Structure formats: structure tokens, C-alpha cells
Amino acid sequence: MEKYQVKGMSCAACQSAVEKAVKKVPGVKSCSVSLLTNSMVVEGNVNHEEIETAVEKAGYRIVLNEQKGKQSLGNELPEEETPKLVKRFVASLVIILILMYFSMGYRMFHWPLPSFLDQNYMALGLIQAILAFGVMGINYAFFVSGWKSLFHLTPNMDTLVTLGSGISYFWSIGTLFRMTTASISEQMWLAHHQYYFESAAMILVFIILGKTLEAYSKGKTTNALKSLIQLSPNEACLLIHGKEKRVSVEEVKVGDFILVKAGEKIAVDGVILEGQATVDESTLTGESLPVDKKVGDVVRAATINKTGYIVIRATQVGEDTSLAQIIELVKEASMTKAPIAKIADQISSVFVPSVLGISFVVFLIWLWISQDISLSMQHAVSVMVVACPCALGLATPVAIMVGSGVGFQNGLLFKTSESLEEMAKMDIIALDKTGTITKGQPQVVEVFEEREELWPLAYALEAKSEHPFAKAIVRKAMKRKIVLQEVQQFETLVGHGLKAYVNGNEVVGGSYRYISSLSLLSEAQKQALEAQANMGRTPLLFIQNGCYLGAMIVADPIKEDSKEAIEILQNTGREVVMITGDQEATAQAIGKQVGVKHVIAGVLPNEKEEVISWLKNFGKVAMVGDGINDAPALTKANLGLAIGAGTDVAVEAADIVLSQSSLKEVVQAIDLSEKTVNVIHENLFWAFIYNLILVPSATGFIPGITIEPMWAAAAMALSSVTVVLNALRLNYMNIKRVPKNKKKIEIHWEEWKEKRKSQMKKL
């Protein structure tokens, strides 16, 4: 996949022309052009020269994005466009005000003029021609683009502006020549009715004003991406043989040692080798609370060391850091096209030629009706200038860009615009258990202490094991500051537990079933332990020389907001299903705690994919997971959502990344998707309605309605700005509300049970 910057695009017709030209190049599989960021993504086996030639033949030019690092990211979102447009607008405005004084001011309001100009209509016409030409010269870019696209048979918005302004100007020049043989009274009539110099200039002034406002507003839509780019620090403090050296972040290499003091940004991704710190990770995760970091922990670029002093070893630098990858995800989401955008693209491809055809027909009809070439030209020019393909082209991408930015600010990374549009349409939310509903890190949640030796002996035994349950007991023991004792003859009893000798005494730890076969337990003790097992927890029992010491209850705690999120999803009509490899009893216990009505337990990774395929028979499925074993299911689902704290494989396979690792983010993703799609619909509605109402009005065929070319230009400029401003409303919407209700689907669970039974028989 290659990325390019496209120069010279001004409207949806330009976007469509570039896409068509590139798609015709042999070897190109797909091409997506973004009018918002003036970027293009091309997939296929084709060289750059062929792509460049195809784009140039369409009347545009491209630049391959070969630069790396922060500078190139900034270059893709240029800031110089708006200042240039402002200068052009101010210069044009000054000239047009002078022009209006000599035209409308003198004719309509009888403002004073030097005596030699009084009723000197030839001189007044020459002054207006010079001033109008000045405005046209300042805005020559419209004419270059307009004629070039017309020459390449790919007319665009600039073509409409060029023809509208150019026809008005040269008609007025023709009027000046007619005055050379006309009487004074005829000159006065021609000056009042046949001069369109102010229209020729005013069209350009209104268009450049619209372009300026549009560029400023479009800049606002990419604020989230710009702020991301600015997060990356410029410098890092290298430790070289114990000495500190400040260097540019581009000079840091993998394996370098970097010192980060309190208050400084971490320059690259790395692992802490020395010290400890409290790190603010809100820039990447959206989580406001700082996180404590110690030796061995991973830290990320652009996070801030709030307190402490750490030395890290760089593991990812430049484009490989988490921040750079997030920036790439947001950029790619804005470059891809939502399905709804295809409607606008299809219309845009024929829009400008259709408008040119309509304006020509309007000219002929008025010429036949009125026998007045000037009046016919006025209506034809109004039709050309009032039509706005820009609004159609911007309707979807501006909303997607703002929506993606709002998502990132709330911890949601949408990899494609399609995922942002489609999330609200999901009927079934399939959830993995470990690390998704639960925290994914076992903890000691309860202790049944029969003898005081329980903690020291359990700690000594479990400290030798790498099992996650053992690590949970070790962490708890360390918090209690238990003294670690030496063990001898440590042995792992596969499938049962652990065995060792401490101070000459045999200590055994293991499952309830195994230990209960080695030591007598009272009925009360058995009932208490079985009750814990029924809750989805795991009792680990310990004995010394056959004497029962007690039990530690280990469980993977449920995330604080899992139950609430699941309840919201179910109340809005979505079916929530838990899919896990855990045994039935544990899975059902967890499901009951969080309110999941349908639990599918005991499935292998490849079977998860089968479950998703079956669920897709009943509706659109979103799969939420975090592990390597979830990757096939994430890919198979209509949309895959990866927990941000999960494995790289899961994150890579997903369409959406939930960086805060909370199921509440699934609710937010649905709500943001709904709001973004609503804004897209509004934008498309206004873009279509605008053209459907104003184009017929500009023809002059509707009694009592006449739109002069200059006001047609003002309306055209306003339409694009309106669409962009409407998209910016997403920045101020609360996306933490409950999504809208949707029609509940019916899943034939009996069918799955029968399918599962037949699979078990085959085994």
C-alpha cells in the first residue's frame, strides 16, 4: 500500500476523477482519495511513474510520501493553506470594495466621483475592467485548475467558477466595445444593464471567502490528529557511559539507554531498567489516573513521568512506537471510505458535466423565450455558479475525521471509516471472558485460614511455581510482608498441584479434589469450598504432613463496569453472548454475576470462529477479545474489537481498539457510531437539498425567483462551510450516553445445542 499527497483537488468531482484515472492503471487493486486531507492510498503491484502519469493526465499532480517520522506526519496536514487563502481574500476584498464604489455605488446610490468621470461610461467601464481583472489575477489558481480540468475532460468546481466568472467578464468587455459606436443614452443603458464586471469579481470573492472558511473549518476537523502529532517529544536524554547527552528523538536507536526525570515526556517505547515512577498515560489510553511503574515494566512514548527517576532501554523508536502506530490508525481511518460515501461519489462523478449541460440548456431556452443574450447568459452563469459538488464530497469525510478524533479522545481507535459507520448496526455482541469481562489477572479474593502456618508455607511453596494462580498468592504474600522460607525437594504434581519440604515437613498444595483425597475435611469446610467453586472461583488447599492448613480462593475478578455495560447493551436490544474456553460451571457462574443470559463454554480457539460464523446467520456480530486465541474470531466477525491491554495479535486482527480495556467503551463506540452516521446523513441531506432547490431556482423558470451570479456564488460558498461546521458539532456531543434501542433479533439456541451435541459425538 502506497500513500500519496494529491495537489490541485478542489471538490468531489476532482476526487472522483483522480480515483477513476488511477483505477484504470494495470495492477491497481484499489484506490481511495480523500478530499479532506488531499491524500490517496493505492494498493496493487504498480510503479509510481504509472500512477503519477495517470494523475497528471487527469489534470492533477501527486507527491509520494517517502519521508519518515514526525516531520512527514506534519507535512500531511499542511497549515500554510489557510494563511494563503486569507491573504488572497483580503486583497480581493479591498479591490472589490473599490470596484463596487465605481459600479453599484455610483449607479444606485449616486456616490460622488471626479467630474471627468461623471456620465463617462466608457471610462467607468475601463476602471471596472481593470479592477475586476485584478481580482481575477489574484485568484488565477481557479482559472488554471478550471481550464486544465476542462481540457482533460474532467470538469470540476473550478471549471464552473472559471466559466461563470470568465463569461461575465468577457461579456462586459464586449459591451465596452459596443459603447464605442453607441450614443450617450445607449451607453448609459448598456452600463446599467450589460456590465457584469462586479459579478465576475464578486463570484471569485465569495468563492475565496468560502474556501477560506472551509479550510479553517477543515483544519478544525483534523485537530485531534494534529494534537497527536504534537504529543511526540522532540528530544531525549541518552545515558552514554554514565553521562547525560541531549539528542533529537530521531537519533535514538533501539537498545539505547534513556534517562527520564520527573515532569519529562518519555521519548520512545521502552522497558524500565532502573528506578520507579508514576506515569501519566492519559495521552494514549484516556485513563486520567497515573500508573505506578517499576523495573521491568513497559513505558510508552508521549506518556509523562509525573514523579520519580527512571532509566529505560529503548525497544521501539520512530514509526514503531505506540504513538506512531496510533497516529497511523487515525490517518488510515480518515483515508478509507465509509460505505455511505459511495452514494455521493457516484453522483459527484457526473455532477459537474450535468450542471454544464443544464446551464447550456437554460441559456438556449431563455434565448428562445426572451431573445435577450444578456439575460440568457445571466441565468446560465447563475446555474453554473450556484451548483456545489464540494458539499457532496465533504459530507462524509469531515464527519468521519471528526468522529475518529472524538473516538481517540475517549480511548477508541477506529482503524477504518467503515468500522465507525457499521458499529451502530451490530445486533450481537460476543464477549471473551478472561481479560475482557474479567481483569485477566488472577487474585486471591478470600482466605480460609485454619492454622497460622498457612501463609508462610503457602508462600514458600508457590514461590517456586510459574502458574498464574501461584503468582497471585505470591503477590498477596509480598503485600502482607510474609518472610520467604527455603524449600527442598520441590516437585510439580501435574494436574494436581505442588509438593515440597519446608524445615523437614512435607507441604502439599493443590486442587480441592486432590487435597481432599489426602486430608480429611469437615462437612462445613467442604460446603464452604464447594460454594466458592460454584461461584466460578478456584480453591487452592494446603496441608502439612497431612494436616489441613486452610485454603486460598483464587479468582479472576470481574471488571468494575462489565456488568453495567452488559446490562446497557442488552437493554438497548442487542444480544450479548459470552464465548470462553473455561469449563461450563465456571463460565456459567461468571455469566450469572454479570447478567449474560447466553454462555457458550468449553470452546477451543478455532471453535470460537465457528461460533461467530453460526451467530452471523442471525444478525451482524461484533466480537470483543484480547488474546491470541481470540484473533480468528475477531477476524471472522463483522467487526472485531480488541481490548487495548491485549496481545498484539488480537489488536492487529481487530477493526476497533478499546485502549482503556473497558466494556463501557463498547457502549461508547456504538453511541459515537450512531452520532457520526446521523451527522453524515444530515450533511448528505443538506448537500442534496441545497443543489435540488438552488439549481432549479437559478434557472429563472420559477416565477418570482431570480438569483444573480454573485449571490449564487455566495450560496455556493456557504454550502461547503455549512457541511463542515455541522460535522464539527460531534466535538461537543456527549458520547457516554445510552445508545438508541434497536430491534431485537432472535437466535435459535436449540440449533446450537444440537450442533454442539453432534460435534461431541464425532469426537
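Scroll up to find the structure.
Residues numbered from 1 in each chain as written. Predicted model: local features only at pLDDT ≥ 70, side-chain atom pairs only at ≥ 80, totals over all residues. Heavy atoms only, no water.

## Re the nonpolar core
Alright, step 1. Among the nonpolar cores identified, the biggest contains 141 residues, and M40, I51, M423 and V666 are the most heavily contacted of them.
Alright, step 2. In terms of residues, this core owes the most to one element, helix α27 (residues 664–698), which gives 13 residues.
Alright, step 3. Excluding its chain neighbours within four sequence positions, the residues that come into contact with V666 are M423, I429, L569, V624, L641 and L658. (Core = buried A, V, L, I, M, F, W, Y, C linked by side-chain atoms within 4.5 Å. Buried < 20%, exposed > 50% of the residue type's maximum accessible area, 1.4 Å probe, protein only. Helix = DSSP H or I, 4+ residues; strand = E, 2+ residues; numbered from the N terminus. Contact = heavy atoms within 4.5 Å.)

## Considering the sheet that holds strand β18 (residues 538–544)
Alright, step 1. With respect to topology, 6 strands assemble into an open sheet ordered β14-β19-β18-β17-β16-β15, the strand pairing being antiparallel. Bordering the open sheet on either side are β14 (443–449) and β15 (488–493), each of which pairs with just one other strand. Between one strand axis and the next, the sheet turns by 15° as a mean value, whatever way the strands run.
Alright, step 2. As paired elements, β14 and strand β19 (residues 547–555) share 6 bridges and run antiparallel to each other. (Pairing = 2+ DSSP bridges. Axes fitted to C-alpha atoms, helices over the stretch in contact; angles between N-to-C directions.)

## A closer look at the packing of α27 against helix α28 (residues 709–728)
Alright, step 1. Their axes nearest at 9 Å, the elements α27 and α28 cross at an angle of 170°. Classified by the angle their axes make, α27 and α28 are roughly antiparallel. Judged by residue contacts, V679, E682, N683, Y690 and L694 of α27 engage A715, M716, S719, V723, N726 and A727 from α28.
Alright, step 2. Here the residues of the contact of α27 with α28 are counted per class, giving 7 nonpolar, 3 polar and 1 charged. (Parallel < 35°, antiparallel > 145°, perpendicular 65-115°, else oblique. Nonpolar A, V, L, I, M, F, W, Y, C, P; charged D, E, K, R; others polar.)

## A short note on the environment of G510
Alright, step 1. Structurally, G510 can be placed in strand β17 (residues 505–511).
Alright, step 2. Residues G510 and P539, 29 residues apart in the sequence, show an inter-C-alpha distance of 8.5 Å.
Alright, step 3. Aside from chain neighbours lying at most four places away, what touches G510 is H496, G497, I515, P539, L540 and L541.

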